Number of protein chains: 2
Amino acid sequence: MPLQEPLAYPDKWEKDMTFRRIATEEAFIVPELAELFHHISRTNWSSLDIAILRINYRDPTGPRVRRLLDLEEERLAEMDREGVAMQVLSLTSPGVQILEPGLATDIARLANDRLAETIARHPTRFAGLAAFAPQDPAAAAKEMERAVRTLGLKGFILNSHTDGRYLDDEFFWPVLEAAEALDAPIYIHPRCPSDGMAAPFRLKEGGIENGNFENAAWGFAVETGTHAVRMILSGLFDRFPKLKIVLGHMGENIPFALWRLDRMGGVPRNRNISLQPSAYFKRNFTITTSGVECHKALAFSLDMLGEDNVMWAIDYPYQESGPAVTFMDSAPIADAVKHKVYAGNAERLFKLSPGA
Amino acid sequence: MPLQEPLAYPDKWEKDMTFRRIATEEAFIVPELAELFHHISRTNWSSLDIAILRINYRDPTGPRVRRLLDLEEERLAEMDREGVAMQVLSLTSPGVQILEPGLATDIARLANDRLAETIARHPTRFAGLAAFAPQDPAAAAKEMERAVRTLGLKGFILNSHTDGRYLDDEFFWPVLEAAEALDAPIYIHPRCPSDGMAAPFRLKEGGIENGNFENAAWGFAVETGTHAVRMILSGLFDRFPKLKIVLGHMGENIPFALWRLDRMGGVPRNRNISLQPSAYFKRNFTITTSGVECHKALAFSLDMLGEDNVMWAIDYPYQESGPAVTFMDSAPIADAVKHKVYAGNAERLFKLSPGA
C-alpha cells in the first residue's frame, strides 16, 4: 500500500544534476563488529536493541551485513547512479556502546583507521565521523583527538545512551570538552530506548511484526529526543557553548515541540539555563532529513530552525538513495535553500572542501 | 525573558467577538479528590506524578487548588472577560487512575454527578467529559454509559497509562467497547511517564527546577504520544473502527512523526494493521491546541490532518485564557477554518448544540 496523501511525493523525478548532494547519516560496519553483533544476536540479551541485531546480523552473510560492509563497490555505484557526490560515513548503531570499555575503545580505533583508509582512496566521495567509546571518557577523548588531528575525520558518531546514561552526565564531560576543543560535531544517532524506559515498548509481538514500534517507527525518536532535551534543559550548553550536536530523522520530533519546550521548560521556570531551549536548539544543533522524506516536515523545520540548520541524509543502506534524492529534488523550496540543505550546511559544519 | 522569534505572537490583539470559542481541555477538581491528592503529595511515592501533586496540592488552600475547585465564579468571569463561550470540563490529571479500584470508581461517579449539576446550572457555558476508573473496566463501562445517557456528558477523560498499562491492552477493551457504542470520544490527557519508562526522567534536580522535564516540557508528550502510537500500531482501530480519541498539546508530537510512522510502522511491514498509521490518525483522532500556542505548529497540523481534526483548547487553569485567545484570533488561517477550530469541530465531535 502506498503512502497516503498528504504524505506522498512523486514516484518519478528527473534528477537535477546541478546539485552537489552530500549525504550525512550513512552507515557502515567493520567485519570485526559485525561478527560481535552476530554473536550477540544469538543470545537472549534483554535490551530492546536485540531485535535489530537479530534482524540484521543473525545471518552474517545476509544482504544487510553485505551492504553495511561494502564501501567501494555497490555503494559507490549507487552513489554514481543517483547523483550522490559524497557520503559522510559513520559506524552503524548501536556501535561500540554495547561492548565492555576496553574492547569498545579497540573497535572504535580499528573502525576509525579503516574509515580513514577508505576516505584516503576516495577523498572526494567519502568523509567520516569517528566512533569513540564513551564508556571510558578519557580514552574516548584521546581517540577523538587522534581521529580529527591525525586521521582527518570530521566529527563523531554517538548512538544515544550508554548503559542508560546520557551526555548531560558529568561522567561524559571529557568527551564534550574534546568535541568542543576540536570544533567537531557529535552526531547523536538513535538506538532503542534504554532499559529504564523500555517497558512500554515491550509488546507481545516483538521484532519487526510490531511495525518497528520500539525502533525506527517511534522508540528511536523517544530515546534520542529525550537525550537531546535532557542536554538542553540541563544547562549543558551554557557550559559548552560551542558544542555542536547533529540529530537525524528531522530532529527527533524536537522542532515540533520547541514552543512548548520554551514555555514549559524555559526561562525563568528552569533555573539551569540562561537562554530559551529553542535558542540552544538553533545555536547548538543541526538536524538532518534521514528517514523522513516529508516535504511538509522539511518546510516546517526550515521555518522553525532556519535554512542553515538542516542537512540532507539518506540513511544508507537502511534507506534507498533514489527516493531520498527524489524527495529533496522535488521539495517545494528555493534552489538556494536546497543547495544549503544538500551540501552547503554540511560543508560548513563538517569543514568539507567545497565541490568543484 | 520573552519567547524568542519565531515562536512569538502578538502581545496585544483586538478580540474578534464574531467567533464562538469552545475550549476543550479545561480542568476542574472536586474537593474529595483534592484532599486525597494533598495527602499523597506528602508521601515519598516514587511515581514521577508526585512532583506535580506536590506543586499543586501541598497547600490545600493554595491558588492552584482554588482555581481548579472554582467553576462558577472566577472561571466564568474570566470566560466572559476573554470571550470564551464554553469550557468542556474534565477532572484534572492524574484523576482517579492513581487510586485503588473501588475508591476510583466512587470518586469518578461523584465527580461526574457534580459536573452534571454544574452544567445543569450553566448549560450554555459548560459541557463535560466523564471520569471513569479503567482499573475496573466493567464498572468503568457501566459508569460511562450512565455518564452519557443519564448525565448528558459528552465523552470521557483518561490520563494516559493506568498502573503502567495502555488502552491497547485487552484488559481495557470493555472501556473501548462502551465508548464506541456510545459514540463518545475519549480524551487521552497526559500524565508523567509510567514507572517502566521513568528512569531517564529522574534528574537530580527534581520538580519545577528542572524546567518541568518529566511533565509538561517533554515527559507528558513522550508518555501520551507513546500511548497513542501503541494503540495505532497494535491494530486496535481495526477492532474499534469508530472509536474516537482526542489528544491535546497539538497531538503530542504525532503529527510531525506521521511520515516516519507510515514508512517504518505501516503496511506492509506491520502485519497488525490494514491501514497506514496516518490514516488511523486522521480517521480516529482529533487533536487540540492546549498549551501549544505556536502558529507554525498549528498550520502544520491543519495541513497534515485536515481542518476538521483540530480543536481549540486553553488548558485552564494551568494556562491563561487571554493568550490562548490571542494565539487563535491572530493565527494566519482563514476565518472559515478558525470557526471550525474554535467551535465547529468540537460541536460535531462532542455533539454540542450550535451557538446562537
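Look up: the structure comes first, before these words.
Conventions adopted
- Residues numbered from 1 in each chain as written.
- Chains lettered and ligands numbered in written order.
- Predicted model: local features only at pLDDT ≥ 70, side-chain atom pairs only at ≥ 80, totals over all residues.
- Heavy atoms only, no water.
- Buried < 20%, exposed > 50% of the residue type's maximum accessible area, 1.4 Å probe, protein only.
- Helix = DSSP H or I, 4+ residues; strand = E, 2+ residues; numbered from the N terminus.
- Arc of directions from axis to C-beta.
- Contact = heavy atoms within 4.5 Å.
- Buried area = accessible area lost by both parts, 1.4 Å probe.
- Salt bridge = Lys/Arg side-chain N within 4 Å of Asp/Glu carboxyl O.
- Polar contact = N/O pair within 3.5 Å; in protein donor to acceptor, adjacent residues only side chain to side chain.
- Nonpolar A, V, L, I, M, F, W, Y, C, P; charged D, E, K, R; others polar.
- Pairing = 2+ DSSP bridges.
- Right-handed = clockwise from strand over helix to strand, strands pointing away.

Our focus in this paragraph is helix α4 (residues 74–82) of chain A. Residues and elements named next belong to chain A. Within the sequence span of α4, burial applies to Arg75, Leu76, Glu78, Met79 and Glu82. The buried residues of α4 occupy an angular sector of 160 degrees when projected down its axis, which confines them to one face. Its buried side turned inward, α4 meets β1 (22–28), α3 (63–69), β2 (86–91), β3 (126–128) and α13 (321–329). Directly beyond the C-terminal end of α4, a positive phi value near 75 degrees is found at Gly83.

Many structure descriptions define interface size as the accessible area lost when the parts assemble. Counting residues at the interface gives 74 residues for chain B and 73 residues for chain A. Between chain B and chain A the total buried area reaches about 6,400 Å² when both faces are included, carbon and sulfur atoms providing 62% of it. Sorting the residues of chain B by area buried against chain A places Phe256, Trp259 and Arg260 of chain B first, and these three jointly supply 14% of that buried surface. For the interface between chain B and chain A, the tally reads four salt bridges. As a salt-bridge pair, Asp303 of chain B and Lys296 of chain A come within 3.2 Å of each other at their nearest N and O atoms. Seen at the junction of chain B and chain A, the total is 21 residue pairs in polar contact (both at pLDDT 80 or more). For the side of chain B that touches chain A, the secondary structure elements donating two or more residues are α8 (219–234), α10 (254–265), α11 (277–284) and α12 (295–305) of chain B. With twelve residues, α10 of chain B is the largest single contributor of residues to the side of chain B that touches chain A. Grouping the amino acids of the side of chain B that touches chain A by side-chain chemistry returns 39 nonpolar, 20 polar and 15 charged.

This part takes up the side chain of Asn309 of chain B. Residue and element names in this part refer to chain B. Along the chain, Asn309 turns up in the loop between α12 and β8 (310–311). Side-chain polar atoms of Asn309 contact the backbone oxygen of Lys282, separated by 3.1 Å. From its side chain, Asn309 meets the backbone oxygen of Leu305 in a polar contact 3.0 Å long. With near-sequence residues (within four places) excluded, Asn309 lies in contact with Lys282, Phe285, Thr286, Ile287 and Asn345.

Residues and elements named next belong to chain A. The element β2 is extensively covered by neighbouring structure, given that six of its six residues are classed as buried. Alternating positions in β2 separate into two faces, Met86, Val88 and Ser90 on one and Gln87, Leu89 and Leu91 on the other, with burial throughout. In the sheet, β1 pairs with β2 via five bridges, with the strands oriented parallel. What sits directly across from Phe28, in β2, is Leu91. Examined bridge by bridge, β2 and β3 share three bridges and lie parallel to one another. Across the sheet, residue Leu89 finds its bridge partner in β3, namely Gly128. The parallel pair β2 and β3, bridged by helix α5 (residues 101–121), forms a crossover whose chirality is right-handed.

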